[in-house]
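Observations on the three-dimensional arrangement
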Amino acid sequence: MGHLTPYLHLSNKLAERGHRISFFVPTKTQQKLQALNLHPHLISFIPITVPHVDGLPPGAETTNDVPFPSYSLLMTAMDLTQPAILQAICELNPDFVFFDFTPWLPKLLRQLGTGIKSINYIIITPALVGYVRSPERKVLMEKSVLTEDDLINDLINPPPSFPPSSIKLPAHEARMLAPFLLKEFGSGTKLIERLIISLNDCDAVAFRTCREMEGKYCDYLETQLRKPVLLAGPVVPETPTTELDEKWAKWLESFEAKSVIYCAFGTECVLKIDQLQELLLGFELTGLPFFAALKPPMGVEAVESALPEGFEGRVKGRGVVSWGWVQQPLILKHPSVGCFVTHCGPSSLMEGLVSECQLVLLPNVADQLAIARVMGRDLRVGVEVEKGEEDGVFTKEGVCKAVRDVMDEESEVGKEVRRNHTKWREFLSSKGLENSYIDSFVEKLHALLGLNK
């Protein structure tokens, strides 16, 4: 879902300009996206039946439906939709097809011979794509058999001509990322192979970002890949027109302006129980009111047993833990909320950037690590929670310190991140910015077809 929704946000921006969009979506998942389609007369959902694969639960369609170990089976099922996708593309005859995890798509389009262009639209930061998937990483390009140790040793440092940056992976992050990239992600295909083939075979790469924020990484990729890299701009979703659930609105109203910590880690991030408890104890230590929207930790059936002993009684009246979905954009807009503790998922981070909440960064996996470095160290719009150099574990003291750093109006760190966050929020919200990016994006798409307009 974290990839489908940004694709739909971009579809809305293109439809605003009169372009027709056909949006492939698993059959049952369509209803989850229906409300986000702001131009149903121009954006048509094309339902795709996800084939059954042994080991997948009946009806599973997205990564939100299965645990992480089953992702590979889901990718296998997605690859089996190729005949249905091909038939639909032949009937639709579009000018462009945007894709991310289907590396077979560019070759399929070329075989049709009708001039349809493939756009690898990547929603994660170009900083991570350049850091991990650069052709300069010879270990990826030249080794026929790539071991975890090979990749770990290579990932600790950036590629030779990678732009000057604070992005560097400590050993524990390289150890976490390497097996993830080497994991089978579909029948007989590793995740890193899927990603590299997509980059190498597409006609152009596109990112949801701005040149002012991440231009140096985009330029680096364009040089290394020797193909166009297009920028769609921030693609900020429209503000929901619904109202915040009365239960949460009432609870938040009982606190002073900008005093509440809001924490959410997206729909798929699941912490281990010891880390979840450290997180919550860190919020307790701050003495501030907090609202944490989290998924139950690994291996826990009764969510109440996941909470630290005596925790509920100690924070009663000022702390809430919700285990279900909440209306994040509306919570971030609430006047009582002053701090957003985020896992640095691309969509969540953008929502945080355009809000007035101070940002505490607690990345969990892959792209989130690079986003946290860009935001916390390059742009300095938030504070990253410190973790152990070798084990990657954070403590309640570290959580408390990061929150206090951004919330304390007298701290030098707090002053700096507030100043920078305000600058970038105003930039991202500036009139005409998004329109100029989308208009330029469309022009460059037309150039791929050899059109001037």
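Residues numbered from 1 in each chain as written. Predicted model: local features only at pLDDT ≥ 70, side-chain atom pairs only at ≥ 80, totals over all residues. Heavy atoms only, no water.

For the rest of this paragraph, the subject is the overall build of the protein. A count of helices and strands for the protein gives 20 helices and 12 strands. Whereas a compact globule of 453 residues would reach a radius of gyration of roughly 22 Å, the protein reaches 22 Å, a difference of no more than 12%. Expressed along its principal axes, the backbone C-alpha trace of the protein runs to roughly 65 × 50 × 45 Å. Across the protein, the fraction of contacts at a sequence separation of at least 24, relative to all contacts at a separation of at least 6, is 67%. Surface summary for the protein: the accessible area is close to 20,700 Å², and the carbon and sulfur share equals 52%. If the 46 positive side-chain charges of the protein are averaged to one point and the 57 negative ones to another, these points end up 3 Å apart. (Helix = DSSP H or I, 4+ residues; strand = E, 2+ residues; numbered from the N terminus. Rg over C-alpha atoms; globule rule 2.2 N^0.38 Å. Contact = heavy atoms within 4.5 Å. Areas by Shrake-Rupley, 256 points an atom, 1.4 Å probe, with all protein chains shown as cover. Lys, Arg positive; Asp, Glu negative; His and termini not counted. Charge placed at Lys NZ, Arg CZ, Asp CG, Glu CD.)

Note on sheets: strands pair through backbone hydrogen bonds, and any given pair is parallel or antiparallel. If you trace the 6 strands from one edge of the open sheet to the other, you get β9-β8-β7-β10-β11-β12, paired in parallel fashion. The sheet is open, and its two borders are formed by β9 (319-322) and β12 (382-384), each paired with just one other strand. Across the sheet, the axes of successive neighbouring strands diverge by a mean angle of 15 degrees, strand direction being ignored. Each of β7 (260-264), β8 (290-293), β9 and β10 (337-342) touches helix α12 (residues 246-253); the most contacted strand, β9, lies at about 155 degrees to it. The strands that helix α17 (residues 366-378) touches are β11 (358-361) and β12; relative to β12, the one it contacts most, it runs at about 120 degrees. (Pairing = 2+ DSSP bridges. Axes fitted to C-alpha atoms, helices over the stretch in contact; angles between N-to-C directions.)

For the rest of this paragraph, the subject is the pattern of salt bridges. Following the criterion strictly, the structure yields 15 salt bridges and no others. We note a salt bridge from E16 to R17, for which the minimum N-O separation is 3.6 Å. For R17, a relative accessible area of 25% translates into the label partly exposed. The structure contains a network of salt bridges with shared partners spanning E173, R373, R377 and E384. (Salt bridge = Lys/Arg side-chain N within 4 Å of Asp/Glu carboxyl O. Buried < 20%, exposed > 50% of the residue type's maximum accessible area, 1.4 Å probe, protein only.)

Another aspect to go through is the packing of helix α16 (residues 346-353) against helix α19 (residues 412-428). In the contact formed by α16 and α19, the axes pass within 9 Å of each other and the chain directions differ by 100 degrees. Put simply, α16 runs roughly perpendicular to α19. Each of M350, G352 and L353 in α16 lies in contact with α19, whose residues at this interface are H421, R425 and L428. Across the contact of α16 with α19, the residue classes tally to 3 nonpolar, 2 polar and 1 charged. (Parallel < 35°, antiparallel > 145°, perpendicular 65-115°, else oblique. Nonpolar A, V, L, I, M, F, W, Y, C, P; charged D, E, K, R; others polar.)

Our focus in this paragraph is the packing of aromatic side chains. Two aromatic rings, taken as a pair, are described by how far apart their centres are and by the angle between their planes. Taken as a whole and judged by the stated rule, the model has 18 aromatic pairs. Where F68 meets F180, the ring centres are 5.8 Å apart and the plane angle is 25 degrees; that geometry is what we call stacked. Here the residue F68 occupies a position in the loop between β2 (43-48) and α3 (71-79), and F180 occupies one in helix α9 (residues 171-182), the gap between them amounting to 112 residues. For F68, a relative accessible area of 36% translates into the label partly exposed. By relative accessible area, which is 26% here, F180 ends up partly exposed. With centroids separated by 5.5 Å and ring planes inclined at 80 degrees, the aromatic side chains of F162 and Y220 adopt a geometry described as edge-to-face. One end of the pair, F162, is in the loop between α8 (148-155) and α9; the other, Y220, is in helix α11 (residues 211-225), with 58 residues separating them in the sequence. Y220 carries the same exposure label as F162, and that label is buried. (Phe/Tyr/Trp six-rings, centres within 6.5 Å; stacked < 30°, edge-to-face > 60°.)

Once that is clear, we can look at the sheet that holds strand β6 (residues 229-231). Here 4 strands make up an open sheet; going across it, the order is β3-β4-β5-β6 and the pairing parallel. Each edge of the sheet is formed by a strand with only one pairing partner; in this case those strands are β3 (96-99) and β6. Sheet twist, expressed as the mean angle between neighbouring strand axes with direction ignored, is 30 degrees. Each of β3, β4 (117-122), β5 (204-207) and β6 touches helix α20 (residues 433-448); the most contacted strand, β6, lies at about 150 degrees to it.

The subject of this paragraph is the domain arrangement of the protein. Segmenting the protein into domains produces domain 1 (3-237 + 431-449) and domain 2 (246-429). Centre-to-centre separation of domain 1 and domain 2, based on C-alpha positions: 28 Å. Contacts between domain 1 and domain 2 engage 32 residues on the former and 30 residues on the latter. Both sides together, the interface formed by domain 1 and domain 2 hides about 2,500 Å², and carbon and sulfur atoms give 64% of it. Among the residues domain 1 hides against domain 2, the three largest losses belong to S166, H172 and M213. Together they make up 24% of the total. At the surface where domain 1 touches domain 2, the tally comes to 1 salt bridge. R373 is the partner of E173 in a salt bridge, and the nearest nitrogen-oxygen pair spans 2.7 Å. Secondary structure elements with two or more residues in the side of domain 1 that touches domain 2: α6 (126-133), α9 and α11. Broken down by element, the side of domain 1 that touches domain 2 gets its largest block of residues, 6 residues, from α9. (Domains from an automatic or database assignment. Buried area = accessible area lost by both parts, 1.4 Å probe.)

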